[in-house]
Amino acid sequence: MARFPTDPWFKEFARAINESDEYREAAATWEGEIAFVIEAEPDKRMPEDVWGFLDLWHGACRSGGVVGPEDGAAARYVIRAPYSRWKDVLLGDLDPVKGMMQGKLRVQGDLPTIVRYVRAANELVRLTGTVETEFPDEVPA
Amino acid sequence: MRAVVVDEGRVRLADVPEPVIEDPGDAVVRITRASICGSDLHYLHGKTPVDPGGVMGHEAVGVVELVGESVRKVAPGDRVVLAFDIACGACWFCRRGESALCEDVRMLGGGPFLGSLPGTQAERARVPVADVNLLRIPAAVDDEHALFVGDALTTGYYAATTAALAPGDTIAVVGAGPVGYFCAQAARAMGAAVFAIDPDPARRAIAERSGVATVDPSGRHPEMALAEATEGRGADVAVDAVGSPSAFETAVGLVRRGGLVVIVGLYAAETTELQLGVFWARAITLRFTGLCPVHAWWERAMSEVEAGRIDPLPVISHRLSLEDAPRGYELFDRREAMKVVLAP
């Protein structure tokens, strides 16, 4: 069990990505790091922004973890949203591509490129569901 | 006469020449109350050029003492509020009620970019085109209630009006400073559900006492607060009442698909990155207000004050003499004051 959004959680997510044939095929030509900014929601036990980072290259995840804002901002794509939005994505309640177009997930970087890889994005979301996850606002105080 | 002047990044009290009638349309007003506005800090810090030794200020009320021979609408003895932006009243824009876009727009205390007119933090001020730029104050409205009608109050009222709110609409106001407060008050009077977002507890407290819901962004994500209040949609209207890229981005994040973002906060050289496709897909309308055309709106704003639907007094944090103006600027600059009123 890994708590979202911690470094162990992102490492577990990276492991799941590398075990996915579907992702390897769908993202075979994808090149570029993605930083995920999980914005603070103190009332949900998320006191500070967290920068998750995945180095994705040709269908594989070369590394994953939590990084500092400066390293995260250097990623080719940065996707920001409040913690609750990310939780909705992980629970399958918010389609990430639709969320980007609706502004619920805010993208820095070339949005059309991400949208073209919708199959890979969907597989990434499915894979989050394979990571045994606990959420900070659901853990007893 | 005594006046607050600016020199090399600091303000001081000085003796300056008494204003006189220079044009048949002029009036000379004895100032009874003047205030320090956020944009005065731009002059103080050199973000906007100043005339060395120029008189500061553009928010004031007073009593007419002298009028030029062509002035018809005001007379000596009238209590008046002064427009912060001085319009000609005759050009194409002024005739359309867009007086802030006047071909000859000037500003009291506005420095060389805006006509080099002496400002209002003084015992007296000359007001050009007095028939256009002075508004008589109703007998039932005292000076402090009328003071902000020439600028911040009407600017906030204008922002709310620009939002074209229907009863039951939800509006999020980013920034609960004076303009945000007045916008929130006006929106509430229009029947909207109002949320003011500000990290400053004192400003939130003032908004809350006037019946506005508030969000402390350091304790709760504003986007989620508005989503929860609107069945996940977001606000119908979001107002940037700050004038910073982060406030703009916050406002954009708060508004629902098909919603309106009103940008009333003052911008100069700031830049930000926009995902045009997202704005297009979300069908968001951006409306930059520019300076408020107070002349077209101040009678309506004054009516709101007279009817008690907008109460300006809660924003006054300090009442000082003209001699204490430098201290007032210090307090204001340190954000320890919401609004400083000076009594010449």
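Chains are numbered independently. Their residues run from 1 in the order of the written sequence. Here the convention is simple: chains get letters from A, ligands get numbers from 1, in the order in which they are written. Reporting in this predicted model follows two pLDDT cut-offs: at least 70 for local features of residues, and 80 or more for side-chain atom pairs to be given and counted; totals over whole chains, interfaces and linings ignore these cut-offs and use all residues.

### Some thoughts on the overall build of chain A
Along its length, chain A carries seven helices and seven strands. Numbering of helices and strands starts at the N terminus; helices are DSSP runs of H or I of at least 4 residues and strands are runs of E of at least 2. Listed N to C, the secondary structure of chain A is β-α-α-β-β-β-α-β-α-α-β-α-α-β in terms of helices and strands. Across its three principal directions, the C-alpha atoms of chain A cover 45 × 30 × 30 Å. Per-residue burial for chain A yields a buried fraction of 39% across its 141 residues. Exposure is read from a count of other C-beta atoms within 10 Å of each residue's own; the residue is exposed at 12 or fewer, buried at 20 or more and partly exposed in between. C-beta atoms are placed from the backbone.

### Section: the sheet that holds strand E12 (residues 193-197) of chain B
Residues and elements named next belong to chain B. Paired strands are those between which DSSP finds at least two bridges. With respect to topology, six strands assemble into an open sheet ordered E13-E12-E11-E14-E15-E16, the strand pairing being parallel. Looking at which strands have only one partner, the edges of the open sheet turn out to be strand E13 (213-215) and strand E16 (285-288). Across the sheet, the axes of successive neighbouring strands diverge by a mean angle of 20°, strand direction being ignored. Here three bridges tie E12 to E13, and the two strands are oriented parallel to one another. In the strand pairing of E13, Ala 196 is matched with Thr 214. Strands in contact with helix H8 (residues 222-229) are strand E11 (170-174), E12, E13 and strand E14 (235-240); relative to E12, the strand with the most contacts, it is inclined by about 170°. In this analysis, axes come from line fits to C-alpha atoms, helices being fitted only over the stretch in contact, and the angle between any two N-to-C directions falls in the range 0 to 180 degrees. Whether two residues are in contact depends on their C-beta atoms, placed from the backbone: they are in contact if these lie within 7 Å.

### Looking at the nonpolar core
Working definition: the nonpolar core is a set of buried Ala, Val, Leu, Ile, Met, Phe, Trp, Tyr and Cys residues, joined through C-beta atoms within 7 Å. Membership of the largest hydrophobic core comes to 117 residues, with the highest contact counts inside it found for Ile 171, Val 173, Cys 183, Ala 187 and Val 239 of chain B. With seven residues, helix H6 (residues 178-189) of chain B is the single largest residue contributor to this core. Sequence-distant contacts of Val 239 of chain B, that is, excluding residues within four places in its chain, are made with Ala 159, Ala 163, Ile 171, Val 173, Val 174, Cys 183, Ala 251, Val 262 and Val 264 of chain B. By size, the runner-up hydrophobic cluster in this structure holds 37 residues, among which are Phe 4, Leu 56, Ile 79 and Trp 86 of chain A.

### Focus on the interface of chain A and chain B
On the chain B side, the residues contacting the 12 residues of chain A number 12 residues. Considered class by class, the residues forming the side of chain A that touches chain B number six nonpolar, three polar and three charged. Following the grouping adopted for this structure description, the nonpolar residues are Ala, Val, Leu, Ile, Met, Phe, Trp, Tyr, Cys and Pro, the charged ones are Asp, Glu, Lys and Arg, and the polar ones are all others, Gly among them.

### Observations regarding the pairing of E11 of chain B
All names here are of chain B. Within E11, five of the five residues are buried, which leaves the element mostly enclosed by the surrounding structure. Side chains Thr 170, Ala 172 and Val 174 project from E11 onto one buried face, and the interleaved Ile 171 and Val 173 project onto a second face that is buried too. As paired strands, E11 and E12 are joined by five bridges and run parallel to one another. Pairing of Thr 170 across the sheet is with Ala 193, part of E12. Taken together, E11, H6 and E12 form a β-α-β motif whose crossover is right-handed. Inspection of the sheet shows E11 paired to E14 by four bridges, in the parallel sense. Handedness of a crossover: with both strands directed away from the viewer, a clockwise path from the first strand across the helix to the second marks it as right-handed.

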